[in-house]
Amino acid sequence: PTPLTPRGPHHVAGRLDPAAPWGEFLLPPDPPGGASPAARNPLGGPGGGRVLVSGLHACGDLSPALLRLFARSPRVAALASVACCYMKLSTSSQPPPPGTAPGYPLSSWVASLPGHRLSYRAREAACHALEDYGGRLRAGSGSLRAHGYRAALESLIRAARPGTRRPGVQTGKKPHALSFPQYARLGLPRIGLDPDTIPLDSEAVGAMLEQQHKVVAFCSLALLLAPLVETLILLDRLLYLREQGGCWQHWGRGAQCCLGWADPLLLSSPPPGLYCALVPLFNPRFSPRNLVLVAARSPLGTALSGLEQDSEDEDEGRAEPPRAVQS
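You'll find the chain entered in an unreviewed UniProt entry as rRNAD protein, with Ceyx cyanopectus given as the organism.

Things to note about the UniProt feature "domain: Methyltransferase" (unreviewed entry) in the chain
The UniProt feature table records "domain: Methyltransferase" (unreviewed entry) at residues 52–91. Taken end to end, residues 52–91 is 28% helix and 42% strand, and its two terminal C-alpha atoms sit 28 Å from one another.

Things to note about the nonpolar core
In this structure, Leu67, Phe70, Leu79, Tyr86, Ile233 and Leu241 are the most contacted members of the largest nonpolar core, which totals 37 residues. Every element with two or more residues in this core is listed here: strand E1 (51–59), helix H2 (62–72), strand E2 (76–84), helix H9 (212–245), strand E5 (275–280) and strand E6 (291–296). When near neighbours in sequence (up to four residues on either side) are disregarded, isoleucine 233 contacts Tyr86, Leu89, Tyr104, Leu118 and Arg123. Among the nonpolar cores identified, the runner-up in size contains 15 residues, and Tyr149, Ala152, Tyr183 and Ala184 belong to it.

Brief notes about the environment of valine 110
With respect to the helices and strands, the residue valine 110 is situated in helix H3 (residues 108–111). Counting along the chain gives 130 residues from valine 110 to tyrosine 240, while the straight-line C-alpha distance between them is 8.9 Å. Apart from residues no more than four positions distant in its own chain, valine 110 is found in contact with Tyr104, Pro105, His116, Leu232, Asp236 and Leu239.

What about H2?
Summarising burial for H2: eight of the eleven residues are buried, a large majority. Every buried residue of H2 is listed here: Ser63, Pro64, Ala65, Leu66, Leu67, Arg68, Leu69 and Phe70.

Details of the side chain of glutamate 230
Position of glutamate 230 relative to the elements: it lies in helix H9. Under the relative-accessibility criterion, glutamate 230 is labelled buried at 4%. Only 3.0 Å separates the side chain of glutamate 230 from the side chain of arginine 289, close enough to count as a polar contact.

Quick notes on the rules
Residue positions are given per chain, counting from 1 as you read along its sequence in written order. Totals for whole chains, interfaces and linings use every residue, but because this is a predicted model, local features are given only for residues with pLDDT of at least 70 and side-chain atom pairs only at 80 or more, for both listing and counting. Excluded from the side-chain calculation are hydrogens and water; included are all heavy atoms of the structure. UniProt positions are given in the numbering used here, feature names are shortened, and annotations may be inferred rather than shown by experiment. Think of it this way: any DSSP run of H or I at least four residues long counts as a helix, any run of E at least two long counts as a strand, and we number them from the N terminus. As used in this record, nonpolar core signifies buried Ala, Val, Leu, Ile, Met, Phe, Trp, Tyr and Cys residues forming a set joined through side-chain atoms within 4.5 Å. In this scheme, a residue with accessible area under 20% of its type's maximum is buried, one over 50% is exposed, and one in between is partly exposed, where area comes from a 1.4 Å probe on protein chains only. Contacts are assigned to residue pairs with any non-hydrogen atoms lying within 4.5 Å of each other. Polar contact is the term for a pair of N or O atoms within 3.5 Å; when the atoms are in protein, one must be able to donate a hydrogen and the other to accept it, and sequence-neighboring residues count only if both atoms are side-chain atoms.

Set out below in structure tokens:
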């Protein structure tokens, strides 16, 4: 049988330099001998062919770097970007290395908005799964106990080390299955604190753990706002592409939505430029990062019309449709 593609994919490992010229980004993976260090960049395809750039759960500033490379690289025909780890984005308050632009905001339009800045906590909350968390709340899951544990442990850390911010304690899977002293003894050494020097079963600790319901309520309120933060970040990226190349967007049905349930619509007769869309590709219960930013230098209508039928087939009989971007 005739293969679907003339050759299989060629997987290589390499470092993406956001400041590199697009010509270096697309150099062949096997440059001729004696090439300069820049020419040995393994990213890109062979010969002069056009390429598709895809980023699956591209963390932090990697997603903005891919968008910038696509916008200034004529040989990149299309882009598919699924982002993650928004809290790792560089911002004006957490600037990137010298010579590179911050990961948020990308667009001039969002940068001009008063109050567009997003705190680390807001960006971190945008990474969580609202649908999954709602299910745990309804079921009264024991995993919610981990919120109280984490809040109590951070209080102890700040008492021992005043001024500590975002200690980033990791204790492994299923922390709710542990007692608090067990949980703390796993986490404290990871930030250089001796558990034997900190009272882990005092009355003060017990009083904090009794406030677990308040911690869960706070986390629930934060997660209610999380989709709005993710919407702002993703629309900032779509607007950036629009600013770069006269990007034509795809909008869906629904009074309160920028796009519908995997139902993007192509504007009629757009002029040449960049074509882009935010597509809710699958049910967010499978993964909270269900929104895919797709862009191309030719109309997306044909490809996206196929996604509509595929999505209807996959979601038939399911309780919820994929989450759309909200405005």
